[in-house]
Amino acid sequence: MQCYRHAPAIAVGVCAACFKGVCPECGEDLGFALVCSPACADRSRQLREVNEKATTILKQRRSTMRTAVLFTAILGVASLAGGGFFTWRYNDRFDLYFYATGAAFFYFAIATHRRNR
Ligand SMILES: [Zn+2]
Ligand SMILES: [Zn+2]
């Protein structure tokens, strides 16, 4: 590839904003991207900012979902333990309510986990 400004010069990279080939003389290295002009430098910085924000939001969402899954799983365990306790304490009756609630919590935790993987 050749530089978009001086054709014979060999391009060392591609502008991160407009994808034109740039030689070492024309290209400006921003540290995270190579650009061909101040306008492209601005655009590239904006793009990077948007990207970083999106990544941060995604990470926060992920960790929130992980907490929700964990919490739901704990509720499931608590419900099953409650059911087990009642069955043991009053062993003439099998408390379906606790088992049903526990199973529902587990189902919910697994479904949420699957959806957010
Ligand atoms: Zn450019
Ligand atoms: Zn050039």
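Since the structure is predicted, the reported quantities are computational estimates derived from the model, not experimental observations.

## Description of the overall build of the protein chain
- The helix and strand inventory of the protein chain stands at two helices and four strands.
- Order of helices (α) and strands (β) in the protein chain, N terminus to C terminus: β-β-β-β-α-α.
- What you see for the protein chain is a C-alpha radius of gyration of 29 Å, clearly larger than the 13 Å of a compact globule of 117 residues, by over 25%.
- Projecting the C-alpha coordinates of the protein chain onto the three principal axes gives extents of approximately 90 × 20 × 15 Å.
- Long-range pairs, those at least 24 residues apart, make up 25% of the contacts in the protein chain with a sequence separation of at least 6.

## Some remarks on the domain arrangement of the protein chain
- The domain architecture assigned to the protein chain consists of domain 1 (1-37) and domain 2 (52-117).
- Summarising the inter-unit geometry, the C-alpha centres of domain 1 and domain 2 are found 53 Å apart.

## Re the nonpolar core
- Judged by nonpolar contacts, the single largest core of 13 residues is most densely connected at Cys15, Ala16, Val22, Leu34, Val35 and Cys36.
- Among all residues touching Val35, those that are not within four sequence positions of it are Cys15, Ala16, Ala17, Gly27, Glu28, Leu30, Cys40, Ala41 and Ser44.

## Looking at unusual backbone geometry
- Non-glycine residue Phe19 carries a positive phi angle of around 65 degrees.
- Examined against the element boundaries, Phe19 turns out to sit in the loop between β1 (13-14) and β2 (21-22).

## Focus: helix α1 (residues 38-89)
- Taking 1.5 Å per residue as the helical rise, α1 with its 52 residues ought to reach 76 Å, and the 76 Å between its terminal C-alpha atoms agrees with that figure.
- Where α1 is concerned, the buried positions are Cys40, Ser44, Thr72, Gly76, Ser79 and Gly83.
- Check the buried side of α1 and you find it contacts β4 (34-35) and α2 (96-115).

## Remarks on the packing of α1 against α2
- It is the contact of α1 with α2, at a shortest axis distance of 8 Å, that shows an interaxial angle of 160 degrees. Judged by the inter-axis angle, α1 sits roughly antiparallel to α2. For α1 against α2, the interelement crossing comes out left-handed. Residues Met65, Ala68, Val69, Thr72, Ala73, Leu75, Gly76, Ser79, Leu80, Gly82, Gly83 and Phe86 of α1 touch α2, and the partners they reach there are Phe98, Tyr99, Thr101, Gly102, Phe105, Phe106, Phe108, Ala109, Thr112 and His113.

## Focus on α2
- Between its first and last C-alpha, α2 extends 28 Å over 20 residues, near the 28 Å set by a 1.5 Å rise per residue.
- Turning to α2, its buried residues number three or more, namely Gly102, Phe105 and Ala109. End-on view of α2: buried residues confined to an arc of 60 degrees, all on one side of the axis. Away from the buried face of α2 by more than 90 degrees, exposed residues Leu96, Tyr97, Ala100, Tyr107, Ala111, Arg114 and Arg115 are located.
- Taken together, the buried residues of α2 touch α1.

What counts and how
- Residues numbered from 1 in each chain as written.
- Chains lettered and ligands numbered in written order.
- Predicted model: local features only at pLDDT ≥ 70, side-chain atom pairs only at ≥ 80, totals over all residues.
- Helix = DSSP H or I, 4+ residues; strand = E, 2+ residues; numbered from the N terminus.
- Rg over C-alpha atoms; globule rule 2.2 N^0.38 Å.
- Contact = placed C-beta atoms within 7 Å.
- Domains from an automatic or database assignment.
- Core = buried A, V, L, I, M, F, W, Y, C linked by C-beta atoms within 7 Å.
- Buried ≥ 20, exposed ≤ 12 C-beta atoms within 10 Å, placed from the backbone.
- Expected span 1.5 Å × (residues − 1).
- Axes fitted to C-alpha atoms, helices over the stretch in contact; angles between N-to-C directions.
- Parallel < 35°, antiparallel > 145°, perpendicular 65-115°, else oblique.
- Left-handed = near helix turned anticlockwise from the far one by under 90°.
- Arc of directions from axis to C-beta.

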